[in-house]
Amino acid sequence: EVQLVESGGKWVQAGGSLRLSCVTSGFAFDEYVIAWFRQAPGKEREGVAVITSGDDPSAFGDSVKGLLTCTAYEHSVLGRFAVSSDNSRNTVYLQMDSLRPEDTAVYYCAASPLTTPEDDGTDFEYWGQGTQVTVSS
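A short tour of the structure in this document, coming up. Quick caveat: nothing in here was measured; it's all calculated off a predicted structure. (Residues numbered from 1 in each chain as written. Predicted model: local features only at pLDDT ≥ 70, side-chain atom pairs only at ≥ 80, totals over all residues. Heavy atoms only, no water.)

Describing the overall build of the protein
Phase 1: A tally of helices and strands in the protein yields zero helices and twelve strands.
Phase 2: Starting at the N terminus and ending at the C terminus, the protein contains elements arranged as β-β-β-β-β-β-β-β-β-β-β-β.
Phase 3: The C-alpha atoms of the protein give 14 Å as radius of gyration, which agrees with the globular expectation for 137 residues (14 Å, within 12%).
Phase 4: Overall, the C-alpha framework of the protein stretches about 40 × 30 × 30 Å when taken along its three principal axes.
Phase 5: The proportion of buried residues among the 137 residues of the protein is 42%.
Phase 6: With the model as given, the accessible surface of the protein reaches about 6,800 Å², and the carbon-plus-sulfur share is 47%.
Phase 7: Computed over 9 positive and 19 negative side-chain charges, the separation of the two mean positions in the protein equals 10 Å. (Helix = DSSP H or I, 4+ residues; strand = E, 2+ residues; numbered from the N terminus. Rg over C-alpha atoms; globule rule 2.2 N^0.38 Å. Buried < 20%, exposed > 50% of the residue type's maximum accessible area, 1.4 Å probe, protein only. Areas by Shrake-Rupley, 256 points an atom, 1.4 Å probe, with all protein chains shown as cover. Lys, Arg positive; Asp, Glu negative; His and termini not counted. Charge placed at Lys NZ, Arg CZ, Asp CG, Glu CD.)

Things to note about the state of the cysteines
Phase 1: Tallying each qualifying case throughout the model produces one disulfide.
Phase 2: With a sulfur-sulfur separation of 2.1 Å, C22 is cross-linked through a disulfide to C109. Disulfide C22-C109: torsion about the S-S bond near 70°, hence right-handed. Of the two residues, C22 sits in strand β3 (residues 18-25) while C109 sits in strand β10 (residues 105-112), which places them 87 residues apart along the sequence.
Phase 3: Looking at the unpaired C70, the closest cysteine sulfur is the one in C22, lying at 19 Å.
Phase 4: C70 gets classed as buried once you look at its relative accessible area, which sits at 2%. (Disulfide = S-S within 2.5 Å.)

Considering the sheet that holds strand β9 (residues 91-96)
Phase 1: Pairing within the open sheet is antiparallel, and its four strands lie in the order β1-β3-β9-β8. Of all the strands in the sheet, just β1 (3-7) and β8 (81-86) have a single pairing partner and so form its edges. Each adjacent strand pair in this sheet contributes to an overall mean axis angle of 15°, direction not counted.
Phase 2: Across five bridges, β1 lies against β3 in antiparallel orientation. (Pairing = 2+ DSSP bridges. Axes fitted to C-alpha atoms, helices over the stretch in contact; angles between N-to-C directions.)

Re the nonpolar core
Phase 1: Ranked by size, the top nonpolar core spans 29 residues in total, and within it W36, F81, V83, L94, M96 and Y107 carry the most contacts.
Phase 2: With residues near it in sequence (within four places) discarded, V83 still touches W36, A49, V50, I51, T71, Y73, V92, Y93 and L94.
Phase 3: V33, V50, A72 and A110 belong to the second largest nonpolar core, which has eight residues in total. (Core = buried A, V, L, I, M, F, W, Y, C linked by side-chain atoms within 4.5 Å. Contact = heavy atoms within 4.5 Å.)

Considering the packing of aromatic side chains
Phase 1: Counting across every chain of the model gives eight aromatic pairs.
Phase 2: Centroid distance F27 to Y32: 4.9 Å. Interplanar angle 70°. Geometry classified as edge-to-face.
Phase 3: For F27, a relative accessible area of 13% translates into the label buried.
Phase 4: With a relative accessible area of 18%, Y32 lands in the buried category.
Phase 5: For the ring pair F27 and Y126, a centre distance of 5.3 Å and an interplane angle of 40° mean the geometry is tilted. In this pair, F27 is assigned in the loop between β3 and β4 (33-39) and Y126 in strand β11 (residues 126-127), connecting sequence segments 99 residues apart. (Phe/Tyr/Trp six-rings, centres within 6.5 Å; stacked < 30°, edge-to-face > 60°.)

Following this line, the structure appears as structure tokens:
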């Protein structure tokens, strides 16, 4: 059974930090691209950050090339959020710093079999149930 389980969401004041975790199981973690999406009340879902094993996921926005991975971020979170993965634990993290009230949303992690998926979510096969992040001003 495929599972993606997010955790770490909570209420926090503006300027604070949170780290979200996405623990996955039931599929070949190394063969999938994992991304974080969010959806605020009354708004469309948007791609926030993505991590790949090297391919440039530029559809998500500004990309950052690392030694073993490539990450990309929606413009409003670049420099504040950082996505990372621990392949030994089949887990992806989203470190969120300098949080703003407009970051308030349900955050989801999702897995895509494509190396450079689009950021609208349509290329993602598996989804978690989401974790609520609330940032107060």
